[in-house]
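Summary of structural features
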Amino acid sequence: MLPLGLPDTVREALLAPLVDHHCDAVRRDELSRAQYELLIGGGVPAPPGTTHFDTPVGVAVRRWCAPVLDLPPHAPPAVYLARRAELGAAEANGRLLRAAGVAAFLVDTGTEDDDLLPAAEMGRQGGAAADEIVRVEQVEHDVAEMAASAADYLEGLAEELAARAAGAVGLSTVAGHLHGLDFDAARPSRGSVIAAAGRRLADPKEPPVDPVTLRHLLWTAVDVARERGLPLQLHAGAGPDAGHAAPHRTDPALLTGFLRALQPAGVPVILLHCYPFHRQAAHLAAAYPHVHVDVGRALTRTGAGAWRVVDELLELAPFHKQLFGSGCSGVAETAHLGAVAFRRALGRALKERLEEGEWSAADAARVAYMVGSGNARRVYRL
Amino acid sequence: MLPLGLPDTVREALLAPLVDHHCDAVRRDELSRAQYELLIGGGVPAPPGTTHFDTPVGVAVRRWCAPVLDLPPHAPPAVYLARRAELGAAEANGRLLRAAGVAAFLVDTGTEDDDLLPAAEMGRQGGAAADEIVRVEQVEHDVAEMAASAADYLEGLAEELAARAAGAVGLSTVAGHLHGLDFDAARPSRGSVIAAAGRRLADPKEPPVDPVTLRHLLWTAVDVARERGLPLQLHAGAGPDAGHAAPHRTDPALLTGFLRALQPAGVPVILLHCYPFHRQAAHLAAAYPHVHVDVGRALTRTGAGAWRVVDELLELAPFHKQLFGSGCSGVAETAHLGAVAFRRALGRALKERLEEGEWSAADAARVAYMVGSGNARRVYRL
Amino acid sequence: MLPLGLPDTVREALLAPLVDHHCDAVRRDELSRAQYELLIGGGVPAPPGTTHFDTPVGVAVRRWCAPVLDLPPHAPPAVYLARRAELGAAEANGRLLRAAGVAAFLVDTGTEDDDLLPAAEMGRQGGAAADEIVRVEQVEHDVAEMAASAADYLEGLAEELAARAAGAVGLSTVAGHLHGLDFDAARPSRGSVIAAAGRRLADPKEPPVDPVTLRHLLWTAVDVARERGLPLQLHAGAGPDAGHAAPHRTDPALLTGFLRALQPAGVPVILLHCYPFHRQAAHLAAAYPHVHVDVGRALTRTGAGAWRVVDELLELAPFHKQLFGSGCSGVAETAHLGAVAFRRALGRALKERLEEGEWSAADAARVAYMVGSGNARRVYRL
C-alpha cells in the first residue's frame, strides 16, 4: 500500500493504528445499487447513461475495497456490489472498518437513523475504541422539536448541549454547510436571539439556517466546550451535498473573525475537510494557536488525487496542527478509503522529502505519528 | 508526444480523434509580429524590452507548432514567424488545425470579423466536422443594433436566439467576462427587463454589461436551449482580456444559485476554462447532475504547466462530466496546442495512476475516450 | 543544492548571484529560543507541548542553515540554537546572508527598531549591494506622529514621501495586511481625505487602517513613484501575522480595479508573496503590462513545498514579469532559505520542462537569469 523505498521506521509510523478523529456513521443495512451510488455520489443520482462509479471515489472503491472483500483490484461495480451483498452488510462493514487500521473512531452523531451503525457498534466492528462527537445542530433540532416556547428552547439548548457533551470528546458544527461561514463573528444579542428563537419554533422540523440561531448555537457550544475542555470541529469547504451552501461561502478564511473572537476562550478548533480551501485552512492553523486542520472527506472524494491535497496541506500547516480524519460517511468503504488515502499520500509526501534530502527519516517518522494519532490524542485528551 | 510507458490501449485512446467542444474562430489573414504577439498575449502589447513569446504559450508555440511548419522544436520566434509567413496563413492554418487530430470542432461564433475563419472553413481546413455554438451576447448585440423600441428588442431577442439556435449544437455566454458571475440567479421581472431594455438601446454598440439585461438574455437562452434540447456553455475563470471582469468575480462557485435555479429546466450546462477555480468547478460538476466542466483555454495558456491543471480537475470531477475543449482563440496554433496539452496532460495523469496501481489500463483507456470525445458526443447529441 | 542532471548552463544560471528585490530587515541581537520561535512562527507562541520547529520553515532551518553554521543537516533545534549563540548573532548573520548568494538586497525599511540590521549593514554583512524600499505606511506613521493639524499631515505626507523616495529604488505598501485589498480603487476626494486626516490624528500611534487614509497614502505614493520612475510593491496574500487582514481579503484579484486605475500612470507594480492566491497574481501579471509578481515569503514559509508554489506561478505568469524576492523577515536564516528554496524550486521546474522536452536548455538558462536578477535590474533600474 505504501510507496516503495521508505525507511522501515517511517513505514512503521505510517502503518501504526490511526485515530480517525472525525467520521460520520455508516449504513448497516443491505444496499441496492441505486442506494449505494447515491451514498458515494453526494446524494444525487448520476445522470442517465452514467454511473457514480466513474468518479475518483468510485474507482478507489474498486481498487482498494475489492481486495478486502476477496475480489481482485479493479473488480467491476456489479461484481463488487454482488460480492458485498453475498457477504452481507455486517460482514462487509466489519471487514472494511477493520481494514482501516484504526485504534479509535471519533464518531460525529449528526444524523439519527436506525439504518446507521451507532458509534459503539462502529468501534466494535472495527476492532477499535469509539468516542462520540456531538453535532450541535442535531441537539438543536431535538430541542427545537420539543420546545414549547422561546424561553423553553433557549434554556433547553444550553442544558441539552451540556448533557450531551458530558459523554463526548468533542463538539461539531455544520453551520458552514447550512448557512455558509460568512456569518457575523460576534455573539448575538439576547434580544436578537429571542426573536430568532420565536421564528425558529415556527418550523422546528427544518434544519436551522437563520444566522442568528446558528451564531447563538455556536456560542452556546463554545461555552459548553470551554467548561468541559472539549474541542470544537467546524465543517468547512465544499460540502458534497448539492443542498449545501455555495462553495465560496465555505472558505474557512471567512471564519477568521470568529476564530479571533474565540481565541480567549481557550477552546481548540479543528477545521474539517476544507477542500479546495485547505491552503487557507493551513494558514489559519499556522497563524492561530488554537486552530487545527484536517482534509477529512477530501481524502476519500479525491481518491488517486489525494496525495496532492495532503501535500498542499503540508506546505504551510504546522505538523502539530494536522490531524487524520477519514470524513467517513454513508458506507464503510469510506472509512477504509480515507485511511488508505491518508497513509499513501503522507507516505508519498515523506518519501519525496527524504529523497530530496529535505527531511531526516527521524523527522518523517515522528510527523507520521503526530498527524496519524498523536495530535488527536493531545487535542481530544484521549 | 505522449509519455513513454503507457499501455497500447491507453495510447490509442489518447491519440483517437477528439471532439473540440469549444473553440473560438481563428484569424485567416497574414499577421505581423505585433499582431501575432497581441493575439497570444491577451490583447495587450508586451512591455518595452519584453516579448509575449516569453510566456508559457509562447514557448509552447515554438516547441509544438514549429515542427508542424517543418522547423525544429524551439525555433526562435523570428524564425517561426518568418516560416509562417513563407507558408502563408492558409497553409499554416490548415497544417495546424489538422495536426490537432480533431474529429469535430464546435465553434463559438462570438465575434464577427471578416478576418476570422468561418466555422465551416475551420472544419474543412482541419479535416473535421464543424458545428456552431451560438454566442448569445453576439445575437443580443445584433438585435440591439436593429431594434427600434424596447418591445421590438425583447421580441427580437427571443426570435433571433431561436432562429440562430436552430442551426447550432449549443449556446454560449460570456456574461462572466462582461459582468462577472456574481449576478442574481433569478429570472428578472418583466418590469425590470423593460426598463433595462430602454437603457440598453441608448448605447447598442457597446456589449451588454447591465446585470438585468444579461440575466434576461441568459434566461431567454435557457428557454431556447430547453426547447431545442441544447446545452449552454458558461465562460468562467479569469478571462485573458484585461478588460474582463476581475478574476474573483469569475469563480464558477458564484453560479451555484443559478445552477440550482436552472436544474429543473433539464438544460445541460458546461463550465468553460474555470482556471484558477477549476477545483470549484469540479465540485459543481460532482454535485449537480446537469453540470459539466472543461479547463479549455487554460490548456493553452498554461503550456508546460497544463498537466497539473488537468490533474487537479481529475481530483473531483466525475469522468463522465469532463470535456475536452481547446478554448482555441486568435491563432490556429492554439487549436493544436490545446489538443497537445490535453493529450499529454491526460496521458501523464493516467500513467501515474497506472504506475501507482490506482487504476486499471481498461479504465484509463475508457476515461480517455470519454473525456476526449464520448462525453461531448453525448452532451451535444453529435 | 540543485537537482541532479541539469545542463551546466542552467546550473550556472541558477547559481548566479540573485537580486533579492524584497526583504525585510533581520534582527542583529542575540535571540533566546522563545524569541527565535516567535520570529519564525508569525509572532505567536506555539501552543503548550509543541514547537514552531515542527513547521515547514522550522525543518528548513535545520536542513539548510545548520551546515552554514558548521552543523550537520537536520541538527536538533537546541543544538542549532546553541551553535548560533556560540558563534554570536553577527557571525551567524554574516554567514547566512553571504550563503544566500545575493548580489543586491532591496530592503524594505518598514519597521524601525534598533535591534534590526540597517539596510546598508545587511548589504555589508551579506557581501552585496543594498538599496532601500520605502514602506509608505512607515513614512505615514512618522508624519502622523509629528503633524499638528490635518493640513500639516497632508502636506507633510507628500513631502516626506518624496524626500524618502529620493534615496530609494522603490516604494512598498502593506495596506493589504492592515485593511485588506478590497478597498475602493479611486483616488479619494479631497474632502474625505481631510476628514480622514482629522480622525487619523486622534490616534497617530496606531498603524493606519482607515480605508480613506490608506487610499490617500497609496495615491500619494503613486504620484511620487511616477515622478521618480520608481516601482510600487504591494503586499498581498495571507500575512503571517495573526493580526493581519483575513486571508480572503488579501487576494490580489481584489486589486484589479486599482491596477486598472493605475495603468495610465506608468508605474510598475509588483505583487508580493500572494500565496495562496499566486495563480490569481500570475493572471494579473499576464493581463496587465505594468504588473509583476513574486511569491516572496511563501518560499520560506512553505519550505520543502516551495517547489509547487514556484511551479504554479510558472503556469501563467510571463517570464519577464516574475521576480525573485526572499520575503526575508525576522532572522537572517530566512534570507538564505528564500534563496535556497528559489534556486531548488526553479531548478526542479526547469529540469522537468527539459526532461519532458517542453523547453530548450537555452530558454531554461535565460529564464533563470531573468527571474533571478534580470527582471529586477530592469524594473528597479539597478
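Residues numbered from 1 in each chain as written. Chains lettered and ligands numbered in written order. Predicted model: local features only at pLDDT ≥ 70, side-chain atom pairs only at ≥ 80, totals over all residues. Heavy atoms only, no water.

The name that an unreviewed UniProt entry assigns to chain A is TIM-barrel fold metal-dependent hydrolase, with the source organism given as Nonomuraea roseoviolacea subsp. carminata.

Further remarks concern the interface of chain C and chain A. Facing 38 residues of chain C, the contacting portion of chain A comprises 36 residues. Carbon and sulfur atoms supply 52% of the area buried between chain C and chain A, which totals about 3,100 Å² over both sides. For the pair chain C and chain A, the number of links is 9 salt bridges. The shortest N-O distance in the salt bridge between C:Arg348 and A:Glu356 comes to 3.6 Å. Counting across the chain C and chain A interface gives 17 residue pairs in polar contact (both at pLDDT 80 or more). Of all the secondary-structure elements, those providing two or more residues to the side of chain C that touches chain A are α3 (56-65), α15 (306-314) and α16 (333-355) of chain C. Here the side of chain C that touches chain A takes 5 residues from α3(C), the largest share from any one element. Of the residues assigned to the side of chain C that touches chain A, the class counts are 18 nonpolar, 12 polar and 8 charged. (Contact = heavy atoms within 4.5 Å. Buried area = accessible area lost by both parts, 1.4 Å probe. Salt bridge = Lys/Arg side-chain N within 4 Å of Asp/Glu carboxyl O. Polar contact = N/O pair within 3.5 Å; in protein donor to acceptor, adjacent residues only side chain to side chain. Helix = DSSP H or I, 4+ residues; strand = E, 2+ residues; numbered from the N terminus. Nonpolar A, V, L, I, M, F, W, Y, C, P; charged D, E, K, R; others polar.)

It is worth spelling out the pattern of salt bridges at this point. All names here are of chain A. Tallied over the full model, the rule gives 99 salt bridges over all chains. Across the pair Arg95 and Glu91 runs a salt bridge whose closest N-O atoms are separated by 2.8 Å. Taken together, the residues Arg95 and Glu91, both in helix α5 (residues 89-99) and 4 residues apart, mark about one turn of the helix. One salt bridge connects Glu121 with Arg124, and the closest N-O pair in it is separated by 2.7 Å. On the criterion of helical spacing, the pair formed by Glu121 and Arg124 is a turn pair, its members being 3 residues apart in helix α6 (residues 119-126).

A word on the sheet that holds strand β7 (residues 291-293) of chain A. All names here are of chain A. The 7 strands lie next to each other as β1-β2-β3-β4-β5-β6-β7, forming an open sheet whose pairing is parallel. Either end of the sheet is taken by a strand with one partner, and the two such strands are β1 (18-24) and β7. Across this sheet, the average inter-strand angle for adjacent strands is 30°, counted without regard to direction. (Pairing = 2+ DSSP bridges. Axes fitted to C-alpha atoms, helices over the stretch in contact; angles between N-to-C directions.)

This paragraph deals with the relation of the copies chain C and chain A. Structural alignment of chain C on chain A gives an RMSD of 0.0 Å, achieved by rotating through 120° and translating 0.0 Å along the axis. The operation mapping one copy onto its partner corresponds to a three-fold rotation axis. Comparing contact sets, just 8% of the residues at the interface of chain C also lie at the interface in chain A, consistent with a heterologous contact between different surfaces. (Least-squares fit on C-alpha atoms with pLDDT ≥ 70 in both.)

Another point: helix α7 (residues 136-146) of chain A. Residue and element names in this part refer to chain A. Of all 11 residues making up α7, 8 are buried, and the element is well covered by its neighbours. Among all positions of α7, only Val136, Glu137, Gln138, Val139, Glu140, His141, Val143 and Ala144 are buried. For α7, the secondary structure elements touched by its buried residues are β3 (129-135), α8 (150-165), β4 (170-173), α9 (175-178), α10 (190-201) and α11 (211-228). (Buried < 20%, exposed > 50% of the residue type's maximum accessible area, 1.4 Å probe, protein only.)

Another point: empty space enclosed by the protein. Sizing a probe to match a water molecule and rolling it over the atoms shows the empty space that remains. In this structure, the largest cavity occupies an estimated 200 Å³ of space. Every residue lining the largest cavity is counted, 17 residues in all, and those nearest its centre are A:Glu358, C:Gly303, C:Ala304, C:Ala306 and C:Arg344. Of all the secondary structure elements, the ones that give two or more residues to the lining of the largest cavity are α16 (333-355) of chain A together with α3, α15 and α16 of chain C. When residues of the lining of the largest cavity are assigned to their parent elements, the largest contribution, 6 residues, is made by α16(C). Its residues assigned to classes, the lining of the largest cavity comprises 10 nonpolar, 1 polar and 6 charged. (1 Å grid on protein atoms, 1.4 Å probe; cavity = no way out; pocket = protein on both sides within 12 Å on 5 of 7 lines; lining within 4 Å. Points joined across faces, edges and corners; volume = space filled by probe spheres on them.)

Attention shifts here to the relation of the copies chain B and chain A. For these two chains of identical sequence, chain B goes onto chain A by a turn of 120° and a shift of 0.0 Å along the axis, with RMSD 0.0 Å. When the interface residues of chain B are mapped onto chain A, a mere 8% of them again fall at the interface, so the copies present different faces.

Further remarks concern the packing of helix α1 (residues 8-15) of chain A against α16(A). Residues and elements named next belong to chain A. For the pair α1 and α16, interaxial distance at closest approach is 10 Å and the crossing angle is 155°. Classed by the angle they form, the pair α1 and α16 counts as roughly antiparallel. Crossing hand, α1 versus α16: right-handed. Counted together, Val10, Leu14 and Leu15 of α1 and Arg343, Leu346, Gly347, Leu350 and Leu354 of α16 form the full contact between these two elements. For the contact of α1 with α16, a count of residues per class yields 6 nonpolar, 1 polar and 1 charged. (Parallel < 35°, antiparallel > 145°, perpendicular 65-115°, else oblique. Left-handed = near helix turned anticlockwise from the far one by under 90°.)

Among the 10 residues of α3(C), 10 are classified as buried, and the element is accordingly described as predominantly covered. Within the sequence span of α3(C), burial applies to C:Pro56, C:Val57, C:Gly58, C:Val59, C:Ala60, C:Val61, C:Arg62, C:Arg63, C:Trp64 and C:Cys65.

Another point: the pairing of β4(A). Residues and elements named next belong to chain A. Across the two faces of β4 the burial is the same, with Gly170 and Ser172 and Leu171 and Thr173 all buried. In the sheet, β3 pairs with β4 via 3 bridges, with the strands oriented parallel. Each residue of the ladder has a partner; that of Val134, found in β4, is Leu171. In terms of strand pairing, β4 meets strand β5 (residues 232-236) through 3 bridges, oriented parallel.

Right, let's get into the interface of chain B and chain A. On the side of chain A, 38 residues touch chain B, which itself brings 36 residues to the contact. Across the interface of chain B and chain A, roughly 3,100 Å² is buried in total on both sides, 52% from carbon and sulfur atoms. The largest contributions to the chain B side of the interface with chain A come from B:Arg279, B:Glu315 and B:Glu358, which together make up 21% of the buried area. The shortest N-O distance in the salt bridge between B:Arg366 and A:Asp54 comes to 2.8 Å. Sorting the residues of the side of chain B that touches chain A by element identifies α12 (256-262), α13 (278-287), α15 (306-314), α16 (333-355) and α17 (361-379) of chain B as the ones contributing at least two each. Counting residues per element, the side of chain B that touches chain A draws most heavily on α13(B), at 6 residues. Its residues assigned to classes, the side of chain B that touches chain A shows 15 nonpolar, 6 polar and 15 charged.

To continue, consider the sheet that holds strand β6 (residues 269-273) of chain B. Residues and elements named next belong to chain B. Overall, parallel pairing links the 7 strands, which are arranged β1-β2-β3-β4-β5-β6-β7 in an open sheet. For this open sheet the edge positions go to β1 (18-24) and β7 (291-293), each flanked by a neighbour on one side alone. Within the sheet, the average angular offset between the axes of one strand and its neighbour, ignoring direction, is 30°. As paired strands, strand β5 (residues 232-236) and β6 are joined by 5 bridges and run parallel to one another. Opposite Leu234, over in β6, you have Leu271 as the bridge partner. α17 contacts β1, β2 (102-108), β6 and β7 of the sheet and is inclined by roughly 70° relative to β1.

Right, let's get into the packing of helix α5 (residues 89-99) of chain B against helix α6 (residues 119-126) of chain B. Residues and elements named next belong to chain B. Interhelical geometry of α5 versus α6 gives an angle of 75° and a closest axis separation of 7 Å. It follows from the interaxial angle that α5 and α6 lie roughly perpendicular. Taking contact as the criterion, the partners of Ala90, Asn93, Gly94, Leu97 and Arg98 in α5 are, on α6, Met122, Gln125 and Gly126. Each residue belonging to the contact of α5 with α6 can be placed in one class, and the counts come to 3 nonpolar, 4 polar and 1 charged.

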